[in-house]
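Reading the structure
The primary structure of each chain is shown beneath.
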Amino acid sequence: MSLHTDEYEADPVMRQRALVGRIASRGRVDHALSELRRLEQLGTPGEAIAVCEALARHWAQGSQLLRSIVMCKHLAWLEPGHTRTQAFIATLYARYPGSASEEGDGRVLDDLELLLPEREDSVAVPLFSMLSQEAFVALVDAVEVRHQGVGLPMMREGDMGASMFFLVEGKADVLRMLEGRGAPAQAVGEGGVFGELTLIAEGPRRASVIPSTPSVFLELSRARLSALAEKHPLVERVVRGFCRKRAADQMLRAHAIFSSLRLAQRRSLSREFELCHARAGEALLTAGQKGEGLYLLLRGRCTPYGVREGGQEIPLAVLREGDVFGEISLLLDTPVTATVRADVDSVLLRLSRPAFERHIATQPDLREALTRLASERMQSTARLLSAR
């Protein structure tokens, strides 16, 4: 709804309240920005600041943090040095009031398990709320607002990426077309998060994200996160923890082997995985040694090698993103049967032997699925090693 001339002849405070109410009733940040630009064009920057601040506070108090952050970013543009609204929102959302936790307060480590809410779709709020108020304000300052039209990719599969995105409003399709994977994988709605893996690990995007409606995003780049971490190391730790938990949760949700797990079981298991990196040529498992972990390959490629008598290594089926390995030694409590090396720099999730025994040994269906996989691999390896 546009502004009318007679509104500017009314009491300024009443006029501002009426405008804020109308914008808030629409619940659209793009509409809010349009009205704010109109105020600026009419030569009333003070009124634009007041309306923008009121909207930021209204949306923050109404559990619409991402929209509130967009308003804060616009406030910083309208009034450079403006911080009171960001500080107000931090008091509502930041878990820790002071900055003592910046040095690694134990409460933060204990609360990292809360980064994913008990629902299927993760949201951005837990990431922001795990911070001290000072770090919260710094993170708000670090994110950037992006507007994207219908059909224009926000990111492209295969392109090198270095940022994560929060979808403030709109809707986008997630497409995975390379390597014959085809078809839309899913849709991202308001509050959705994507692209986070490239924030913590260099590499190409794993999917394209294309808005199906005009959309507004917040972007956090690796460069801005690194700069932020110099003053607020807790931010980087929390972001990495958030990304690791999302990666584990999404992998377990999508993987057929873990399909028997209920939501609560999957979430409990996802908290146990550690994010690890392997350089090209690095051995993750060594034949003849005891295996100490179950691996999920997030990014990269690995090759297992069976060993013939005399020490000759025979390459086995290549392991690609989404593959699981290391299960044989854990299930049978025997030495590793094949050496697994990273072909390229890779990112993996690792489940330690104690965590494996706590979670998987007690789940008959999951144990059976891994046992079938182990049996198939051992048979395949035996055939290849016996072939001339």
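This text follows the structure it describes.
Keep in mind that this is a model prediction, so the values were computed, not measured. Each chain carries its own residue numbering, running from 1 in the written order of its sequence. In keeping with the model being predicted, local features are shown solely for residues with a pLDDT of at least 70 and side-chain atom pairs are shown and tallied solely at 80 or more, while totals for entire chains, interfaces and linings include all residues. Values reported for side chains reflect all heavy atoms of the structure, with hydrogen atoms and water molecules removed beforehand.

Next up on the list: the overall build of the protein. On a plain count of helices and strands, the protein comes out with 15 helices and 17 strands. With a 1.4 Å probe rolled over the protein chains alone, any residue whose accessible area is under 20% of its type maximum counts as buried; one over 50% counts as exposed, and the rest are partly exposed. Counting across all 388 residues of the protein, residues that qualify as buried make up 49%. Every residue pair with non-hydrogen atoms within 4.5 Å of one another is taken to be in contact. Look at the contacts in the protein between residues 6 or more apart in sequence, and 76% of them connect residues 24 or more apart. Put simply, DSSP marks the helices as runs of H or I at least four residues long and the strands as runs of E at least two long, and each gets a number from the N terminus on.

Tracing the backbone through its elements, the reader meets Thr-83 in the loop between helix 4 (65-78) and helix 5 (84-93). With relative accessibility at 49%, the residue Thr-83 sits in the partly exposed group. Distance from Thr-83 to Asp-141, taken between C-alpha atoms, is 9.6 Å for residues 58 residues apart in sequence.

To continue, consider the sheet that holds strand 17 (residues 346-352). Strand pairs in the sheet, formed through backbone hydrogen bonds, run parallel or antiparallel to each other. If you trace the four strands from one edge of the open sheet to the other, you get 10-17-12-15, paired in antiparallel fashion. Of all the strands in the sheet, the pair left with one neighbour each is strand 10 (274-278) and strand 15 (324-325). Alignment of strand 10 against strand 17, held across five bridges, turns out to be antiparallel. Counterpart to Glu-274 in the pairing with strand 17 is Arg-350. Together, strand 10, strand 12 (293-299) and strand 17 form the strand contacts of helix 11 (residues 233-254), whose direction differs from that of strand 12 by roughly 100°. A pair of strands is treated as paired once DSSP finds two or more bridges between them. Helix axes are fitted only over the stretch in contact, all axes being lines through C-alpha atoms; the angle between N-to-C directions runs from 0 to 180 degrees.

It is worth spelling out the pattern of salt bridges at this point. Each reported salt bridge corresponds to a side-chain nitrogen of Lys or Arg within 4 Å of a carboxyl oxygen of Asp or Glu. What the rule picks out here adds up to 28 salt bridges. Here Arg-224 and Glu-144 are joined by a salt bridge, their closest N and O atoms 3.3 Å apart. Of this pair, Arg-224 sits in helix 10 (residues 222-231) while Glu-144 sits in strand 1 (residues 144-148), and the two are 80 residues apart along the sequence. With relative accessibility at 22%, the residue Glu-144 sits in the partly exposed group. Between Glu-368 and Arg-372 there is a salt bridge; the shortest N-O distance is 3.2 Å. Taken together, the positions of Glu-368 and Arg-372, both in helix 15 (residues 364-386) and four residues apart, correspond to about one turn of that helix. Overall, the relative accessible area of 44% leaves Glu-368 in the partly exposed class. Put simply, Arg-28, Asp-30, Arg-67, Glu-169 and Glu-190 are held in one network by salt bridges that share partners.

The next subject is the environment of Pro-233. One can find Pro-233 in helix 11. Given a relative accessible area of 33%, Pro-233 falls into the partly exposed group. Residues Pro-233 and Ala-135 lie 98 residues apart in sequence; the distance between their C-alpha atoms is 9.0 Å.

To estimate how far a helix should reach, multiply one less than its number of residues by 1.5 Å. In this model, helix 2 (residues 29-41) (13 residues) spans 18 Å end to end at C-alpha, consistent with the 18 Å of a helix rising 1.5 Å per residue. Of all the positions in helix 2, only Val-29, His-31, Ala-32, Leu-33, Glu-35, Leu-36 and Leu-39 are classed as buried.

On to unusual backbone geometry. For residues besides glycine, phi is generally negative; the peptide bonds are generally trans as well. Phi at Ser-63 is positive, roughly 60°, even though this residue is not glycine. Turning to its location among the elements, Ser-63 is positioned in the loop between helix 3 (45-61) and helix 4. Since its relative accessible area comes to 62%, Ser-63 is described here as exposed. Of note, Asp-333 is a non-glycine position whose phi angle comes to about 55°, a positive value.

With that out of the way, let us pick up the sheet that holds strand 14 (residues 313-315). Sheet architecture is open: four strands sit in the order 11-16-13-14, paired in antiparallel fashion. Of all strands in the sheet, those bounded by a partner on one side alone are strand 11 (283-285) and strand 14. If you compare each strand with its neighbour and ignore which way they point, the axes differ by 35° on average. Bridge count for strand 11 against strand 16 (residues 339-342) is two bridges, and the pairing is antiparallel. When the bridges of strand 16 are listed, Leu-285 appears paired with Val-340.

Attention now goes to the pairing of strand 17. Counting buried residues along strand 17, six of its seven residues qualify, which places the element largely inside the surrounding structure. In this structure, strand 12 lies alongside strand 17, joined through six bridges in antiparallel fashion. Bridge pairing in strand 17 places Gly-293 opposite Ser-352.

On to the nonpolar core. Core analysis: the biggest nonpolar cluster contains 87 residues, and Met-71, Phe-136, Met-164 and Leu-220 have the highest contact counts within it. By residue number, the principal contributor to this core is helix 11, which donates 10 residues. Core analysis: the next-biggest nonpolar cluster, separate from the first, contains 13 residues, Cys-276, Leu-284, Phe-325 and Ala-342 among them. For this analysis, a nonpolar core means a set of buried residues of the types Ala, Val, Leu, Ile, Met, Phe, Trp, Tyr and Cys, connected via side-chain atoms within 4.5 Å.

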